[in-house]
Amino acid sequence: MSSSKVSMMLLMLSLASSSYLLMATSSAGDFFRDIDFTFGDQRAKILDGGQLLTLSLDKISGSGFKSKNEYLFGRIDMQIKLVPGNSAGTVTTYYLSSEGLTHDEIDFEFLGNSTGNPYTVHTNVFSQGKGGREQQFHLWFDPTKAFHTYSILWNTHCIIFFVDNIPIRVFDNLESIGVPFPKKQPMRIYSSLWNADDWATQGGLVKTDWAQAPFTASYRNLKANACLAGSSSSSSSCVSTTADDKSWQNQALDAAGRKRLRWVQKKFMVYNYCSDRKRFPQGFPLECKRSRF
């Protein structure tokens, strides 16, 4: 091999090692491989050879985990079975987040309730440290009886929240009218189970019944079909794509998806910040004027 070819190869290797490469990765099913526990000691457990994970909450502490990898855009799917019975006061979270005061975040939070009353699914989107974009829903099934799939699709065009592949919320990229959109900060997958009985159930009126502890939520089939972040710099596109399913990169709702979204928001939405005139007496945020969803 000529010296010029060797020099060119060394230059390419140097550039690759110093730049921020985003590689599409599709993975599922091995919690030993994919996550680290964040708190809770023995309250967080991996079972069935890495196929099942449980988080528990008692009066002393809750528990949580985060993904080992960071992602910049992707589709994240997780099957969760929520705390059964009297779950009042408890919050089970599943979200994407970066770090720092100007962090980005995409949230699912499941607010427990007393026996026989429905969970509230709380969603929010933070960009550059600013959130306050809450929408809340009840579900059309009992989320404690079986596993259901909760998904976050995040690309350069939009963020879509799915429950069992049914869209419940869309947050569009409206940077063109001055609305910040998460697109530069890599995020990890996080989940936790913790006590929030000062606000979680009926505004804090219903407290956690510690006689029912420990409370346990179960997880399986974590799938990250996403752009894998590789260093401290940032980028907004995948420079290498190896995953089989790339459809999420340009996905938006089609006519059938919009119909399902309207059904969910008509039948099951219980709070929408874009309809809260008491909260925004001077006028709604910009994105509320551009989207019904």
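Positions within a chain are numbered from 1, following the residues in the order the chain's sequence is written. In view of the model being predicted, local features appear only for residues whose pLDDT reaches at least 70, and side-chain atom pairs are presented and counted only at 80 or more, with totals across whole chains, interfaces and linings using the full set of residues. Side-chain measures here rest on the full set of heavy atoms in the structure, leaving out hydrogens and waters.

Colleague: Explanation requested: the packing of aromatic side chains in the structure shown.
Modeller: Here a ring pair, both rings aromatic, is described through the centre-centre distance and the interplanar angle of the planes. Here a pair means two rings of Phe, Tyr or Trp (six-membered ring of Trp) with centres within 6.5 Å. Their orientation is stacked below 30 degrees between planes, edge-to-face above 60, and tilted elsewhere. Taken as a whole, this structure holds 17 aromatic pairs when the rule is applied. Between F108 and F161, the aromatic rings sit 5.3 Å apart at their centres with planes inclined by 80°, giving edge-to-face as the arrangement. Taken as a pair, F108 in strand β8 (residues 105–111) and F161 in strand β12 (residues 158–163) lie far apart in primary sequence, 53 residues in all. Type-normalised accessible area, obtained with a 1.4 Å probe on protein chains alone, sets the label of each residue: buried when under 20%, exposed when over 50%, and partly exposed for intermediate values. Among the residues examined, F108 registers a relative accessible area of 0% and is labelled buried. Between W210 and F215, the ring centres sit 6.0 Å apart and the planes meet at 65°, which makes this aromatic pair edge-to-face. When its relative accessible area of 2% is taken as the criterion, F215 is described as buried. Ring pairing ties together the aromatic residues Y94, F108, F110, Y150 and F161, which thus form one cluster. One Lys or Arg, R75, reaches over the ring of F162 and ends 4.7 Å from the middle of that ring. The way it works is that DSSP assigns letters per residue, a run of H or I at least four long becomes a helix, a run of E at least two long becomes a strand, and they are numbered from the N terminus. Distance and angle both matter: a charge sits over a ring if NZ of Lys or CZ of Arg is within 6 Å of the ring centre and within 35 degrees of the ring normal.

Colleague: Help me understand helix α3 (residues 255–267), please; the structure alone is not making it clear to me.
Modeller: Owing to its 3.6 residues per turn, the α-helix brings residues three or four apart onto one side. Its 13 residues give α3 an end-to-end C-alpha distance of 18 Å, which sits within 8% of 18 Å, the value for a rise of 1.5 Å per residue. Of the positions making up α3, those classed as buried are G257, L261, V264 and Q265. Buried positions in α3, seen along its axis, are confined to an arc of 90° and lie on one side of it. Opposite the buried face of α3, at more than 90 degrees from it, the exposed residues are A255, K259, K266 and K267. In this description, contact between two residues means that some pair of their heavy atoms is separated by no more than 4.5 Å. Tucked into the core, α3 has its buried residues touching β10 (135–137), β13 (166–172) and β16 (269–272). Any N or O atom pair separated by 3.5 Å or less is treated as a polar contact, with the protein-specific requirement of one donor-capable and one acceptor-capable atom, and with residues adjacent in sequence counted only for side-chain atom pairs. At the N-terminal end of α3, a side-chain oxygen is found 3.3 Å from the backbone nitrogen of A256, two or three residues along, and the residue is D254. The span expected for a helix works out to 1.5 Å for each residue beyond the first. The reported arc concerns the directions from the helix axis to the C-beta atoms and nothing else.

Colleague: Which parts of the structure should I look at to understand the pattern of salt bridges?
Modeller: Any two side chains of opposite charge can pair if their charged atoms end up close together. Any Lys or Arg side-chain nitrogen found within 4 Å of a carboxyl oxygen on Asp or Glu counts as a salt bridge. Enumeration over the complete set of coordinates arrives at seven salt bridges. The partner of D77 in a salt bridge is R75, and the shortest N-O contact between them spans 3.0 Å. The exposure class assigned to D77 is buried, which follows from its relative accessible area of 13%. The closest approach of N and O atoms between K183 and E175, which form a salt bridge, is 3.2 Å. Take K183: its relative accessible area is 25%, and that puts it in the partly exposed class.

Colleague: Can you help me understand unusual backbone geometry in this one?
Modeller: With the exception of glycine, most residues fall at negative phi, and the peptide bonds are largely trans. The omega angle of the peptide bond from A213 to P214 is 5°, so this bond is cis rather than trans. Its place among the elements puts P214 in the loop between β14 (188–195) and β15 (215–228). Even without glycine at this site, Q128 takes up a positive phi of about 55°. Inspection of the secondary structure puts Q128 in the loop between β9 (120–126) and β10. According to the relative accessible area criterion, Q128 is exposed, its value standing at 53%. Even without glycine at this site, Q202 takes up a positive phi of about 50°. Tracing the chain through its elements places Q202 in the loop between β14 and β15.

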